[in-house]
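In case you want the letters, here they are:
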Amino acid sequence: MAIEQTLSIIKPDGVQNGHIGHVISIFEGAGLRIAAAKLVHLTAGQAGAFYAEHKERPFYGELVEYMTSGAVMLMVLEGEDAIAQNRKLMGATDPAQADEGTIRKLYAESKGKNTVHGSDSPASAAREVAFFFSAAFELV
Ligand code: CMP
């Protein structure tokens, strides 16, 4: 299987509720490596541009407001089949639909406050990693 990189975000609820350590240990326990990481407080411009594909959705305003409500942990995960592997570890967007043992089943409150984000395809992963990280300085 191919070695891939994917973007992971621990959202404001995950950071505020003290789940950074456990979420990272779930990723590392599954064989994913943290290739880059930073804790930041996004501006509305940054969150809006990151989620631009959802601009026409009814929840877009709420999503941007939520993603700027506190610090988020941005990470590049690297490993075999990392994009699908991360999606599996996260569980479904709606925590009510998430499988037992997934991060969202453990910690998410709702479709909006759903603790983590992960790129959903190779094209999204490439865009999302490049959106937040510079290959020249931050990927190790
Ligand atoms: P994420 O994986 O970050 O990608 C888009 C986000 O939009 C998603 O997780 C949710 O946080 C949010 N989202 C998707 N559907 C809804 C919804 N119906 N109501 C509120 N937020 C949503």
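Overview of the structure. (Residues numbered from 1 in each chain as written. Predicted model: local features only at pLDDT ≥ 70, side-chain atom pairs only at ≥ 80, totals over all residues. Heavy atoms only, no water.)

Details of the overall build of the chain
Each helix and strand in the chain was counted, giving seven helices and four strands. Reading the helices (α) and strands (β) of the chain from amino to carboxyl end gives β-α-α-β-α-α-β-α-α-β-α. A globule of 140 residues ought to have a C-alpha radius of gyration of about 14 Å, and the chain, at 14 Å, matches this closely. For the chain, the spread of C-alpha atoms along the principal axes amounts to about 35 × 35 × 25 Å. A burial count over the chain gives 44% of its 140 residues as buried. Here the analysis covers contacts within the chain between residues at least 6 apart in sequence; of these, 77% occur between residues at least 24 apart. (Helix = DSSP H or I, 4+ residues; strand = E, 2+ residues; numbered from the N terminus. Rg over C-alpha atoms; globule rule 2.2 N^0.38 Å. Buried < 20%, exposed > 50% of the residue type's maximum accessible area, 1.4 Å probe, protein only. Contact = heavy atoms within 4.5 Å.)

Topic: the environment of K105
Tracing the sequence through the fold places K105 in helix α6 (residues 103-107). Measuring from C-alpha to C-alpha, the distance between K105 and Y60 comes to 23 Å, with 45 residues separating the pair along the chain. In this structure, K105 is in contact with P95, A98, D99 and E100, ignoring residues within four places of it in sequence.

Thoughts on the side chain of E4
Inspection of the secondary structure assignment puts E4 in strand β1 (residues 3-10). No salt bridge is formed by the buried E4. Its closest oppositely charged neighbour is R87, at 11 Å. At a separation of 3.2 Å, a polar atom in the side chain of E4 contacts the main-chain amide nitrogen of A82. Those residues within four positions of E4 in sequence are excluded, and the remaining contacts are L77, E78, G79, D81, A82, I83 and A84. (Lys, Arg positive; Asp, Glu negative; His and termini not counted. Salt bridge = Lys/Arg side-chain N within 4 Å of Asp/Glu carboxyl O. Polar contact = N/O pair within 3.5 Å; in protein donor to acceptor, adjacent residues only side chain to side chain.)

A word on the sheet that holds strand β4 (residues 116-118)
Strand order across the open sheet formed by four strands is β2-β3-β1-β4, with antiparallel pairing between neighbours. The open sheet terminates on both sides in strands that have one partner only, identified here as β2 (33-40) and β4. The mean angle between the axes of side-by-side strands here comes to 20°, regardless of whether they run parallel or antiparallel. As judged from the seven bridges shared by β2 and strand β3 (residues 72-80), these two strands associate in the antiparallel manner. Along β3, the bridge assignment pairs I34 with L77. The sheet strands contacting helix α2 (residues 20-29) are β1, β2, β3 and β4, and the helix crosses β3 at an angle near 10°. (Pairing = 2+ DSSP bridges. Axes fitted to C-alpha atoms, helices over the stretch in contact; angles between N-to-C directions.)

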